[in-house]
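Here is how the chains run, residue by residue.
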Amino acid sequence: RKEVEQDPGPFNVPEGATVAFNCTYSNSASQSFFWYRQDCRKEPKLLMSVYSSGNEDGRFTAQLNRASQYISLLIRDSKLSDSATYLCVVILDTGRRALTFGSGTRLQVQP
Amino acid sequence: EAGVAQSPRYKIIEKRQSVAFWCNPISGHATLYWYQQILGQGPKLLIQFQNNGVVDDSQLPKDRFSAERLKGVDSTLKIQPAKLEDSAVYLCASSLEVLRTEIKNTEAFFGQGTRLTVV
């Protein structure tokens, strides 16, 4: 089983739509969670951290469910510029502190 | 603030040849990572340094890959000899600090990567 699993998509949505991505992680002792965004042929960049209480940044909302080992990202009022790959990232509590990435979910927002 | 610098941006080599990549992290960042990203996949950690010491190299194919971090700053990643399946983007990233007992300042900043094609 992969340490971090995501639906690869692609998700094709019209502008203005609401879209949600899910991610599951295998290690229950995982400590920190993030969503990174990667544009085509570019490097990943931090979109937002994910906190136990859930957090929101403008049109983006991240949720963490530790019991189900599940992370989500909700994007409201999608813009064309939101088209990218969204990477779920976890820091596993196995002594390794590096970021462990999912395979990414591709989003294409269409006019 | 200058970002993570990597070179070269692109490299094409024949299988069994050697190749080296260079990374200069953000000034003051103690932690440096090398990731391999194969097309259509997420980045996979190859090696993590804390200052000039190796924290994790469990996924580094040590028969052909090596990495060092000189004086806790710049780093080089080498592949010798290269195989066709090494074709990927090699991403270097740095973060302020990741302590064993505390997750702190873990945002990782990535360089633009080196796109390697092995033919």
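Describing the sheet that holds strand β8 (residues 70-75) of chain A
All names here are of chain A. With antiparallel pairing, the five strands of this open sheet are ordered in space as β1-β3-β8-β7-β6. Each edge of the open sheet carries a strand with a single partner, namely β1 (4-6) and β6 (55-57). Shown here is a sheet whose adjacent strand axes are inclined to one another by a mean of 20°, direction ignored. One ladder, built from six bridges, connects strand β3 (residues 19-25) with β8; its direction is antiparallel. Across the sheet, the residue bridging to C23 is I71, located in β8.

Section: the pattern of salt bridges
One side chain can pair with another of opposite charge once the charged atoms of both are near each other. All names here are of chain B. As enumerated under the stated definition, the model contains six salt bridges over all chains in all. A salt bridge links K62 to D57, with the nearest nitrogen and oxygen atoms 3.7 Å apart. Of the charged contacts in the structure, one is a salt bridge between D86 and R64, with a shortest N-O distance of 2.5 Å. Here D86, found in the loop between β8 (75-79) and β9 (88-95), pairs with R64, found in the loop between β6 (53-56) and β7 (65-69); they are 22 residues apart in sequence, far enough to count as distant.

Details of the interface of chain A and chain B
Counting residues at the interface gives 19 residues for chain A, matched by 25 residues for chain B. Interface of chain A and chain B: buried area, both sides summed, is about 1,800 Å²; carbon and sulfur atoms make up 53% of it. Along the contact surface separating chain A from chain B lie zero salt bridges. Counting residues per element, the ones that place at least two in the side of chain A that touches chain B are β4 (32-38), β9 (84-91) and β10 (99-101) of chain A. Among the elements that take part in the side of chain A that touches chain B, β4(A) stands out by supplying four residues, more than any other.

Quick look at the state of the cysteines
Enumeration according to the criterion identifies two disulfides over all chains in this entry. One disulfide in the model links A:C23 with A:C88; its S-S distance is 2.0 Å. Taking the sign of the S-S torsion, -75° for the link of A:C23 and A:C88, the bridge is left-handed. Taken as a pair, A:C23 in strand β3 and A:C88 in strand β9 lie far apart in primary sequence, 65 residues in all. Here A:C23 and A:C88 have matching classes, each one buried. One disulfide bridge connects B:C23 with B:C92, the sulfur atoms lying 1.9 Å from each other. Here B:C23 and B:C92 share a disulfide; its torsion about the S-S bond, -70°, makes the bridge left-handed. Here B:C92 lies in strand β9 and B:C23 lies in strand β3 (residues 19-24), a separation of 69 residues in the sequence.

Points about the sheet that holds β3(B)
Residue and element names in this part refer to chain B. Strand order across the open sheet formed by four strands is β1-β3-β8-β7, with antiparallel pairing between neighbours. Among the strands making up the open sheet, the edge pair consists of β1 (5-7) and β7. Across the sheet, the mean angle separating the axes of adjacent strands is 15° when strand polarity is ignored. When β3 meets β8, the two strands line up antiparallel, connected through five bridges.

Remarks on the nonpolar core
Ranked by size, the top nonpolar core spans 24 residues in total, and within it A:F21, A:W35, A:I71, A:L73, A:I75, A:Y86 and A:L107 carry the most contacts. Those elements that provide at least two residues to this core are β3, β4, β5 (45-50), β7 (60-65), β8, β9 and β11 (105-110) of chain A.

Concerning the layout of surface pockets
A probe as big as a water molecule, rolled over the atoms, marks out the empty space that is left. In this model, the largest pocket occupies a volume close to 720 Å³. Along its surface, the largest pocket is lined by 34 residues, and A:Q38, A:R41, B:Q37, B:L39 and B:G40 are the ones closest to its centre. If you list the elements that add at least two residues to the lining of the largest pocket, you get β9 and β11 of chain A together with β9 and β11 (114-118) of chain B. Here the lining of the largest pocket is built from residues that sort into twelve nonpolar, 15 polar and seven charged. Volume-wise, the second largest pocket comes out at about 400 Å³. Lining the second largest pocket are 19 residues; nearest its centre among them are A:T100, A:F101, B:G42, B:P43 and B:K44. Where the lining of the second largest pocket is concerned, the elements lending two or more residues are β10 of chain A together with β4 (31-37) and β5 (44-50) of chain B. Ranked by the residues each element gives to the lining of the second largest pocket, the list is headed by β10(A), at three residues.

Scoring rules and cut-offs
Residues numbered from 1 in each chain as written. Chains lettered and ligands numbered in written order. Predicted model: local features only at pLDDT ≥ 70, side-chain atom pairs only at ≥ 80, totals over all residues. Heavy atoms only, no water. Pairing = 2+ DSSP bridges. Helix = DSSP H or I, 4+ residues; strand = E, 2+ residues; numbered from the N terminus. Axes fitted to C-alpha atoms, helices over the stretch in contact; angles between N-to-C directions. Salt bridge = Lys/Arg side-chain N within 4 Å of Asp/Glu carboxyl O. Contact = heavy atoms within 4.5 Å. Buried area = accessible area lost by both parts, 1.4 Å probe. Disulfide = S-S within 2.5 Å. Buried < 20%, exposed > 50% of the residue type's maximum accessible area, 1.4 Å probe, protein only. Core = buried A, V, L, I, M, F, W, Y, C linked by side-chain atoms within 4.5 Å. 1 Å grid on protein atoms, 1.4 Å probe; cavity = no way out; pocket = protein on both sides within 12 Å on 5 of 7 lines; lining within 4 Å. Points joined across faces, edges and corners; volume = space filled by probe spheres on them. Nonpolar A, V, L, I, M, F, W, Y, C, P; charged D, E, K, R; others polar.

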